[in-house]
Amino acid sequence: MASSTTPTIDLEPFLRDGDEDAKKKATEEIRQACSEFGFFQVVNHGVPLDLMARAIDLSMEFFNNPMEEKKKSLLKPGLSPPPGYVNFQDFSNDGNEHFLILSPSSGLNIYPENPPEFGNALEEIFPNLVELSWLMERIVSISLGLAPNFLTEYNNDDRSCDFLKAVHYFPIEKADQINGTPAHKDANCLTFIFQNEVGGLEVLKNEQWIPILPAKGAIVVNIGDVIQVLSNDKFKSASHRVIRQKGKSRCSIVFFDNLHGDKWIEPLPKFTTEIGESPKYRGFMYKEYLQLRVKNKLDPPARPEDDINITHYSISTQDQGN
Ligand SMILES: O=C(O)CCC(=O)C(=O)O
Ligand SMILES: [Fe+2]
């Protein structure tokens, strides 16, 4: 029966050899969560819990610095996404600020002096989240009926476009300031989020906002547009948002398992020609979509309905009939 809370799935069977039945059961739970919600949480995921807690604490210490101090690690222009500090309140209604890093091996990251361990903690957690992405790519591929290494090979095992953000959501001071991050769908492949105890992340299902409750040590996983398009809507990239809370700062660490911009994205034959279904999207170059999304964010259209999202590439039923 369909439920109204997102499931939590134990990945412990995947961290050891054997127990194929337990692996199958967890894979089936993930398949259901991906088609019903596009969102779920995982526990026993292999990312050290003390490192997760340290990354959150040090992020909050960084965000508690005076603004002049934070702005010393301003973003490096010309890179997309730009690493470093950004305060969205400077140019949008979003009530958050973030610090972004690219892959530590890029050599492009800049770190603030205070607190000195902040950069180390982010660099240390990054490869742990890459490791979890590999595992989830494998499970998601299997649950779509694809070869286990399908998603990893689809991106030529290229991890150079992954990135990570530490995000601080300011507490609400006036009643109308609830917007932390407005409703959106992630463009990438898979997103991983862990959060402090404050809450505010919500996912849309059947026109209802469902809270993703913070659970100690759990990591939220959500499906992005790339998987929705490849699977021709079999798996869902769900709309989600963050609501700010009264008197409490929310902190999250968000890791984006991302594709190379030169990747061509279109529904796979397995979900179209091979089963006699029409593709729901036309193919596109991933970087073209990302550029449209960035433009959208920095220079929002006057009418919200002109906001660019994945439906930009939808093939309507009418087109399919022609
Ligand atoms: O901070 C969060 O929990 C989620 C942020 C988010 O959805 C995003 O950055 O795409
Ligand atoms: Fe998101």
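Residues take numbers from 1 onward in each chain, read along the sequence in its written order. Chain letters and ligand numbers both follow the written order, the letters beginning at A and the numbers at 1. Given that the model is predicted, a residue must reach a pLDDT of at least 70 before its local features are reported, and side-chain atom pairs must reach 80 or more before they are shown or counted; all residues, however, enter totals for whole chains, interfaces and linings. The side-chain numbers reported here are obtained from all heavy atoms of the structure, hydrogens and water having been left aside.

1. Remarks on helix H4 (residues 117–143)
Between its terminal C-alpha atoms H4 stretches 39 Å, which fits the 39 Å expected from 27 residues at 1.5 Å a residue. Once H4 ends, the next one or two residues include Gly-145, with phi positive near 80°. Numbered from the N terminus, helices here are DSSP runs of H or I no shorter than four residues, and strands are runs of E no shorter than two. Helix span, expected: 1.5 Å multiplied by one less than the number of residues in the helix.

2. Quick look at the coordination of the iron ion (ligand 2)
Each donor-metal-donor angle in an ideal tetrahedron of four donors is 109.5 degrees, and each such angle in an ideal octahedron of six donors is either 90 or 180 degrees. The protein atoms that coordinate the iron ion (ligand 2) are His-184 (NE2), Asp-186 (OD) and His-240 (NE2), at distances of 2.1 to 2.2 Å. Between the donor residues of the iron ion (ligand 2), the gaps in sequence give the motif H-x1-D-x53-H. Sites may look incomplete because water is not among the atoms; the donors themselves are N, O and S atoms within 2.8 Å of the metal, or within 3.2 Å for Na, K and Ca.

3. Some thoughts on the site of ligand 1
One heavy atom within 4 Å of a molecule or strand is enough for the residue carrying it to be called near that molecule or strand. Around ligand 1, the neighbouring residues are Lys-165, Tyr-169, His-184, Asp-186, Ile-193, Leu-201, His-240, Val-242, Arg-250, Ser-252, Val-254 and Phe-256. Polar contact is defined as a pair of N or O atoms within 3.5 Å, subject to the rule that within protein one atom must be able to donate a hydrogen and the other to accept it, and that residues adjacent in sequence are counted only when both atoms are side-chain atoms. Within the side chain of Arg-250, a nitrogen or oxygen atom sits 2.8 Å from an oxygen atom of ligand 1. Contact between ligand 1 and Ser-252: an oxygen atom at 2.7 Å from a side-chain N or O atom of the residue. Among the elements of the structure, strand S5 (163–169), strand S11 (240–243) and strand S12 (250–257) are those that each provide at least two residues to the shell around ligand 1.

4. Overview of the UniProt feature "domain: Fe2OG dioxygenase" (unreviewed entry) in the chain
UniProt positions are given in the numbering used here, feature names are shortened, and annotations may be inferred rather than shown by experiment. According to UniProt, the feature "domain: Fe2OG dioxygenase" (unreviewed entry) maps to residues 159–259 in the numbering used here. Split by type, residues 159–259 is 6% helix and 45% strand. Its first and last C-alpha atoms lie 8 Å apart.

5. Overview of the sheet that holds S5
Between any two strands, pairing holds if DSSP finds at least two bridges. The eight strands lie next to each other as S1-S2-S10-S7-S12-S5-S4-S3, forming an open sheet whose pairing is mixed. Edge strands, defined here as strands with exactly one partner in the open sheet, are strand S1 (8–10) and strand S3 (84–87). Strand-to-strand twist across the sheet, computed as the mean angle between neighbouring axes with direction ignored, equals 25°. Pairing of S3 with strand S4 (residues 96–102) involves four bridges; the strand directions are antiparallel. Pairing of Tyr-85 across the sheet is with Phe-99, part of S4. On the sheet, helix H1 (residues 20–36) packs against S1, strand S2 (39–43) and strand S10 (219–223) and is oriented at approximately 155° with respect to S1. Against the sheet, helix H2 (residues 49–63) touches S3, S4, S5, strand S7 (190–195), S10 and S12, its axis set at about 115° to S12. Note on definitions: angles span 0 to 180 degrees between N-to-C directions of axes, and those axes are lines fitted to C-alpha atoms, for helices only across the stretch in contact. In this description, contact between two residues means that some pair of their heavy atoms is separated by no more than 4.5 Å.

6. Quick notes on the packing of aromatic side chains
The aromatic pairing rule takes the rings of Phe, Tyr and Trp, using the six-membered ring of Trp, and pairs them if the centres are within 6.5 Å, calling planes under 30 degrees apart stacked, those over 60 edge-to-face and the rest tilted. For the structure on display, the rule yields 13 aromatic pairs. Its end group placed over the ring of Phe-37, Lys-205 keeps NZ or CZ at 4.9 Å from the ring centre. Taking NZ or CZ as reference, Lys-263 lies 4.6 Å from the ring centre of Tyr-154, over its face. In this scheme, the term charge over a ring applies when either NZ of a lysine or CZ of an arginine sits within 6 Å of the ring centre and within 35 degrees of the ring normal.

7. Thoughts on empty space enclosed by the protein
Here a cavity denotes a set of grid points, spaced 1 Å apart and computed over the protein atoms alone, in which a 1.4 Å probe fits but from which it cannot get out, and a pocket denotes an open set meeting protein on both sides within 12 Å along at least five of seven lines; residues with an atom within 4 Å of a point are reported as lining. Grid points are joined across faces, edges and corners, and a volume is the space filled by probe spheres set on the points. Counted under the stated rule, the structure contains one cavity of 30 Å³ or more. Reported here for the largest cavity is a volume of approximately 30 Å³. Lining the largest cavity are Glu-137, Thr-152, Asn-155, Asp-157, Asp-158, Arg-159 and Asp-257. In the scheme used here, Gly and all other residues not listed as nonpolar or charged are polar, with Ala, Val, Leu, Ile, Met, Phe, Trp, Tyr, Cys and Pro taken as nonpolar and Asp, Glu, Lys and Arg as charged. Split into classes, the residues belonging to the lining of the largest cavity amount to no nonpolar, two polar and five charged.

8. Things to note about helix H7 (residues 286–298)
With 13 residues, H7 ought to run about 18 Å at 1.5 Å a step, and its terminal C-alpha atoms sit 19 Å apart, in line with that. Only protein chains enter the accessibility calculation, which uses a 1.4 Å probe; a residue whose area is less than 20% of its type maximum is buried, one above 50% is exposed, and one in between is partly exposed. Every buried residue of H7 is listed here: Tyr-286, Tyr-289, Arg-293 and Asn-296. With its buried residues spanning 90° around the axis, H7 presents them on a single face. In H7, the exposed positions that point more than 90 degrees away from the buried face belong to Gln-291, Lys-295 and Leu-298. Elements in contact with the buried residues of H7: helix H6 (225–230), strand S13 (264–265) and strand S14 (284–285). The directions from the helix axis to the C-beta atoms form the arc being described.

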